[in-house]
Structures are given as structure tokens and as C-alpha cells.
Amino acid sequence: MATAPKLDLPPPARPTRKLGRSQAQHRRAAKTLPLGVSDTYRYWGDAQTLYVTRAKGAQLWDLDGNCYVDFRLGWGPIILGYGDERVDAAARKGIEMGGVTALATALEAEVAELMVAMVPGVEQVRFANSGSEAVATALRVARAVSGRDGFVMIEGAFHGMFDSVLWRTQMESWDPKSGQAPVVAPFGRGIPVAHRDLIGVVPLNDADALRDLFRQEGSRIGAFILEPILGNCCSIPATQAYLKDVRALCDEYGIVLIFDEVKTGFRVARGGAQELYGVLPDLCTFAKAMANGYPIAALGGRRAFMSAISGFDGVLHGGTFTGHPIGLAAAEATLRVLKETDALQQIADWGRKLQGELAGVFAKAGIPHIFTGHPSMFGIMFREKAPRSYRDWAGSDHDLYDSIARALPDYGLLPEPDSREPWFVCQAHNELDPEEIAGKVAEVIATLGR
Ligand SMILES: Cc1ncc(COP(=O)(O)O)c(C=O)c1O
């Protein structure tokens with residue numbers, strides 16, 4: 001999920017793939033589905049929107065039979081590989097349980113116990129169907145506990161498809177010399193402006209800005225939500241010192257600290273970013289990697305906060321499909337693999353190898369570059385210095401990045417066509433050669449005359 005939609009992508013310099021069947025499918029689908037897709041970000045223009053027939057390992061195939069090595073991985077959920085038999089066999093057992101009954105199953109506690117064992121800040125869990133739902137519930141709990149409706153987000157953050165958080169930092173139009181903060185606007189139309197009054201937006205890694213905001217508005221702020229690694233913004237990482245300051249400031253002002261680990265959870269470490277950094281939130285959200293692509297999400301946190309979900313006088317949470325046996329069975333199998341094997345180490349090692357090969361290609365072409373975040377979900381920024389916040393994206397050569405990313409599908413590689421989305425790695429990438437992949441990137445760079 002990128003920060004800003006770019007509809008109708010300009011075509012790559014030398015399109016070489018056949019996309020006739022995908023284009024015909026688009027014409028048909030657009031009659032019954034707005035833009036011919038089920039998510040606006042999946043629309044890449046009438047001529048380039050892809051329709052997938054199959055995915056396996058780290059690869060997928062489109063309707064025209066084109067094969068891609070995938071670095072989007074569904075925007076993060078695929079952690080082991082597409083069609084992983086360990087997970088799919090478990091999901092089949094979930095199907096055999098018969099469906100939703102509007103009653104609890106023993107699977108719920110089994111997955112919750114695994115999460116509690118793996119994630120240091122999780123003492124209790126509630127399940128949801130999407131990251132958006134998990135984040136919405138986290139905010140509801142935080143507001144109930146703090147008694148305050150306002151909350152703070154980070155510039156460049158994305159926290160889901162609901163009105164409270166659908167506020168976008170417009171870095172594209174920001175003038176670094178203006179001395180002003182970038183404009184924050186709704187993600188499109190239909191979002192009540194009243195929600196804007198409830199949010200504060202600060203740059204990452206700027207504890208002074210956060211302190212000032214808490215000082216001025218602390219009595220209205222109930223929660224601070226952030227991704228410790230900006231999974232929707234080049235994987236720009238928080239520093240550990242910043243997260244420690246954040247923890248201390250939230251404690252000082254009685255503000256609930258929420259880590260949105262929808263992308264980082266069960267990916268950057270068994271216990272998520274909170275384990276990597278050694279800083280614990282009060283509440284945290286998970287979704288993508290927890291079931292290798294099956295739809296399930298979770299809110300977790302310290303008992304003192306989660307216990308606000310306490311009956312009809314407390315915070316309400318639930319839904320017809322929450323705790324669905326298919327998602328839970330898949331989550332149990334995925335989490336066991338991640339907990340009991342070195343899968344995450346393999347993923348990080350392969351990601352580092354790919355970075356090494358890509359670094360050689362960029363250096364040879366004289367392109368200043370830096371890899372950001374974690375090797376299992378890394379950003380590529382065409383700038384020399386490590387970025388501190390989304391503001392540093394403005395000074396990077398993101399147009400060059402986008403030109404390369406748009407041409408790569410013709411060479412069989414599929415990153416997101418937006419410089420802000422990281423390259424995701426799964427265990428199945430291990431079967432592929434990083435040198436060969438970097439070679440494709442070199443070919444594209446050569447076609448661009450670099
Ligand atoms: C950090 C983060 N939080 C929340 C969400 C929303 O998750 P979902 O798409 O499952 O609703 C996303 C989606 O990309 C995300 O990246």
C-alpha cells in the first residue's frame with residue numbers, strides 16, 4: 001500500500017511484454033468493478049493493470065502467461081512463499097471445521113498463546129479480519145483508557161482504510177525551504193473534515209516536535225500510533241533513541257502508545273519491531289505476515305489496556321467473521337514455522353544478499369543510493385545519507401526510482417511502482433539467485449541511458 005495513488009502509470013521506456021489478455025480482462029472488469037479492480041491501488045492504468053492466474057513460491061503469473069519474481073508479496077503478507085504447503089494444509093483443516101458459527105473455538109486461544117510467547121508486548125489478544133479493523137479497535141481501546149479522542153500520527157504513515165486515519169502528508173508539494181510543515185489532506189473524497197481536528201501529525205525521529213505537541217495539546221491526545229519502521233514510506237526506521245523518548249513522553253502525558261506492526265509484525269523479528277528495538281508499546285496491531293496471506297489480523301497488548309474490552313460497558317469488539325477457523329488455522333501453522341525454524345533469518349540473509357548485488361549495480365551506474373529499514377522489507381532511496389523522516393524522500397531521486405520500477409515488470413521483476421513501498425522478501429526467494437535479479441535491474445538502468 002503506497003502513500004499516494006498514482007493512477008494511469010506512464011508506460012515504461014520499452015514495453016516488451018504482451019499484456020493483451022490482461023487488457024481485455026480490464027475492459028470486461030471495468031464494466032462491473034470501478035476501475036476494474038477491488039482496491040484502487042491495484043489499478044495501474046487501462047493498459048498495465050495486471051490480472052493474476054497463479055502464484056507459487058516467490059513468483060506469480062498473469063493472464064498473458066508473463067512470470068514475475070514478486071517483491072510486493074501482496075503488500076507484505078507472504079512471508080514463507082505463495083502456496084506454502086505447510087500453511088495451506090492447515091488452512092484446509094480450518095475449512096473442514098465447517099465455517100463460522102458465531103461461537104468461539106479452541107483455535108483462538110492456541111494462536112493467542114503463540115503470539116503471547118513470541119511478542120514481548122503482548123499479554124492478551126483479540127482477532128480481526130484486516131489491519132484496518134485491528135487499528136480501529138486499538139484506537140477505540142486507547143480512547144476508552146485515556147478518556148481523550150485526539151491522537152497523533154507520523155508523516156507518511158498509512159494505518160488503514162477508515163476515515164479517522166485516512167490523512168495523507170502531501171510531501172509531493174512540500175517546499176523544504178518554506179519553513180512550514182507539509183500539508184495534511186484526506187486520502188480522497190468522502191472523509192469528514194471533522195476527523196482532521198482529532199489528529200496531530202509529526203515527522204519521524206523528531207522527539208522535540210512530539211514533546212511540543214504533547215505540551216500544547218496533551219490534554220486532548222489519547223494515543224500516539226506509529227510504525228517503528230515506516231512500512232508505507234521507504235521503510236524509514238525510527239532510531240532506538242527516538243522510540244525510547246516516545247515511550248517516556250507517552251508515559252509522562254498519560255498517552256497510550258500503539259505500535260502498528262501490521263507490516264513489521266512476524267517479519268522483522270519473531271516478536272516484531274518491538275523486539276528489535278527493545279521498546280514496548282501499550283497496544284500493537286498485526287495482520288499481514290501472521291498467516292502467510294490468509295485473511296486474519298490481531299490487536300494485542302498489555303493486560304491493563306486490553307482489559308478495557310470488558311463487556312457491554314467497556315470497549316466493544318467483534319464481528320461476524322472474527323476468529324474465522326481458516327485464518328486461525330493458517331496463522332497457527334505460519335507462526336509455528338516462524339517460531340520454531342530459522343525462516344526469518346533466511347529471509348533477512350537473502351534480503352541482505354540482494355541489497356549487496358543491487359548496491360553493485362547502482363554504484364556502477366553512478367546512482368547514489370541507500371537501503372532503508374530491514375532486509376525483509378527494505379526501501380531503496382536514491383540519496384546518499386540515511387533518511388531521518390519522510391521529508392528526506394522529497395530530496396531523493398524518486399523519479400528515477402519510479403522509472404526503473406515501472407520498467408522492471410518487462411524484465412520479470414515486480415516491485416511496487418512507487419518508491420515509497422518497500423521490497424518484500426519471503427523464504428521462497430531463497431530458491432532464486434540475487435545476482436541474476438540484480439542483473440535485470442542493471443539491464444533496465446542501461447535502457448534508461450544511465
Ligand atoms: C502499517 C499498516 N497498518 C494498517 C494497514 C491496513 O491493513 P489492511 O489493508 O489489512 O486493512 C496497512 C495496510 O497496508 C498497513 O501497512
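Residues numbered from 1 in each chain as written. Predicted model: local features only at pLDDT ≥ 70, side-chain atom pairs only at ≥ 80, totals over all residues. Heavy atoms only, no water.

A. Molecular detail of the overall build of the protein chain. Along its length, the protein chain carries twelve helices and 18 strands. For 450 residues, the compact-globule estimate of 2.2 N^0.38 gives 22 Å, and the C-alpha radius of gyration of the protein chain, at 21 Å, lies within 12% of that figure. On the principal axes, the C-alpha backbone points of the protein chain span a range of 60 × 60 × 45 Å. The proportion of buried residues among the 450 residues of the protein chain is 56%. Of the contacts made within the protein chain by residues no fewer than 6 positions apart, 72% connect residues no fewer than 24 positions apart. Charged side chains of the protein chain number 47 positive and 53 negative; the gap between the two group centres comes to 3 Å. (Helix = DSSP H or I, 4+ residues; strand = E, 2+ residues; numbered from the N terminus. Rg over C-alpha atoms; globule rule 2.2 N^0.38 Å. Buried < 20%, exposed > 50% of the residue type's maximum accessible area, 1.4 Å probe, protein only. Contact = heavy atoms within 4.5 Å. Lys, Arg positive; Asp, Glu negative; His and termini not counted. Charge placed at Lys NZ, Arg CZ, Asp CG, Glu CD.)

B. Structural context of the site of the ligand. Around the ligand, the surrounding shell holds 13 residues, and the nearest of these are Gly131, Ser132, Asn232, Asp260 and Lys288. One of the backbone N or O atoms of Gly131 is found 2.8 Å from an oxygen atom in the ligand. Between an oxygen atom of the ligand and a side-chain N or O atom of Lys288, the distance comes to 2.8 Å. Considering the ligand on its own, with 390 Å² of exposed area, one finds that the protein chains cover 87% of that surface. Classifying every residue of the shell around the ligand by side-chain character gives three nonpolar, six polar and four charged. (Near = heavy atom within 4 Å. Polar contact = N/O pair within 3.5 Å; in protein donor to acceptor, adjacent residues only side chain to side chain. Areas by Shrake-Rupley, 256 points an atom, 1.4 Å probe, with all protein chains shown as cover. Nonpolar A, V, L, I, M, F, W, Y, C, P; charged D, E, K, R; others polar.)

C. Quick peek at the sheet that holds strand S16 (residues 377-381). Taken together, the three strands give an open sheet; going across it, the order is S15-S16-S18, and neighbouring strands pair in antiparallel fashion. Lying at the two open borders of the sheet, with one neighbouring strand each, are strand S15 (370-374) and strand S18 (423-424). Contacting S15, S16 and S18, helix H10 (residues 343-364) crosses the sheet at an angle of about 10 degrees to S16. (Pairing = 2+ DSSP bridges. Axes fitted to C-alpha atoms, helices over the stretch in contact; angles between N-to-C directions.)

D. Spotlight on the nonpolar core. Of all hydrophobic cores here, the largest spans 108 residues; its most connected members are Met115, Phe127, Phe224, Tyr242, Phe266 and Met290. The element best represented in this core is H10, accounting for eight residues. (Core = buried A, V, L, I, M, F, W, Y, C linked by side-chain atoms within 4.5 Å.)

E. Summary view of the packing of helix H5 (residues 207-217) against helix H6 (residues 240-253). Interaxial distance between H5 and H6 falls to 10 Å at its minimum, and their mutual angle equals 10 degrees. When the axis of H5 is compared with that of H6, the two are roughly parallel. Facing Ala207, Leu210, Arg211, Phe214 and Arg215 of H5, the residues of H6 in contact are Tyr242, Asp245, Val246, Leu249, Cys250 and Tyr253. Across the contact of H5 with H6, the residue classes tally to eight nonpolar, no polar and three charged. (Parallel < 35°, antiparallel > 145°, perpendicular 65-115°, else oblique.)

F. The side chain of Thr49, seen in detail. Within the secondary structure, Thr49 is located in the loop between helix H1 (20-32) and strand S1 (52-56). Exposure remark for Thr49: the relative accessible area of 1% places this residue in the buried category. Of the polar contacts made by the side chain of Thr49, one reaches the backbone nitrogen of Trp44; its length is 2.9 Å. Among the polar contacts made by the side chain of Thr49, one reaches the main-chain carbonyl oxygen of Gly45 at a distance of 2.6 Å. Sequence-distant contacts of Thr49, that is, excluding residues within four places in its chain, are made with Ser22, His26, Val37, Arg42, Tyr43 and Trp44.

G. Here's a closer look at the confidence of the model for the protein chain. On average, residues of the protein chain carry a pLDDT of 96, and 97% of them reach 70 or more. No element of the protein chain has a lower mean pLDDT than helix H11 (residues 398-407), at 96, and none a higher one than strand S12 (residues 256-260), at 99. (pLDDT = per-residue confidence, 0-100.)

H. Region of interest: the packing of helix H3 (residues 106-118) against helix H9 (residues 325-340). One way to put it is that H3 packs onto H9 with a least axis distance of 9 Å and a crossing angle of 30 degrees. Viewed along their axes, H3 and H9 adopt a mutual orientation that is roughly parallel. The two elements H3 and H9 meet at a crossing, and its hand is left-handed. For the pair H3 and H9, contact is made by Leu107, Glu108, Glu110, Val111, Leu114, Met115, Ala117 and Met118 and by Pro325, Leu328, Ala329, Ala331, Glu332, Leu335, Arg336, Leu338 and Lys339, respectively. Among the residues forming the contact of H3 with H9, the class breakdown is twelve nonpolar, no polar and five charged. (Left-handed = near helix turned anticlockwise from the far one by under 90°.)

I. Quick peek at the sheet that holds strand S17 (residues 413-414). Reading across the sheet, the four strands line up as S1-S2-S3-S17 and stay open at both edges, with mixed pairing between neighbours. In the strand order of this sheet, the two ends are held by S1 and S17, each with one partner.

J. Representation of a negative patch on the surface. The grouping of Glu357, Asp433, Glu435 and Glu436 at the surface amounts to a negative patch. Mapped onto the secondary structure, Glu435 falls in helix H12 (residues 434-447). (Patch = residues over 30% accessible without salt bridge, like charges linked within 9 Å, V, L, I, M, F, W, Y side chains within 5 Å. Salt bridge = Lys/Arg side-chain N within 4 Å of Asp/Glu carboxyl O.)

K. Expanded view of the packing of aromatic side chains. Applying the stated criterion across every chain yields a total of 13 aromatic pairs. Judged by centre distance (6.2 Å) and plane angle (20 degrees), the ring pair of Phe378 and Trp423 falls under stacked. In this pair, Phe378 is assigned in strand S16 and Trp423 in strand S18, connecting sequence segments 45 residues apart. Classification of Phe378 as buried rests on a relative accessible area of 0%. Judged by its relative accessible area of 3%, Trp423 is buried. (Phe/Tyr/Trp six-rings, centres within 6.5 Å; stacked < 30°, edge-to-face > 60°.)

L. Examining the pairing of S1 more closely. Relative to strand S2 (residues 59-62), S1 is paired through four bridges, and the arrangement is antiparallel. Of the residues in S2, the one forming a bridge with Val52 is Asp62. In this antiparallel pair of consecutive strands, S1 and S2, the connection spans two residues, and Gly57 shows a positive phi of 65 degrees.

M. Here's a closer look at the environment of Pro387. Within the secondary structure, Pro387 is located in the loop between S16 and H11. On a C-alpha basis, the gap between Pro387 and Ile370 in space is 8.8 Å, while along the polypeptide they are 17 residues apart. Discounting residues that sit within four places of it in the chain, Pro387 has contacts with Ile236, Ile370, Thr372, Met381 and Asp392.

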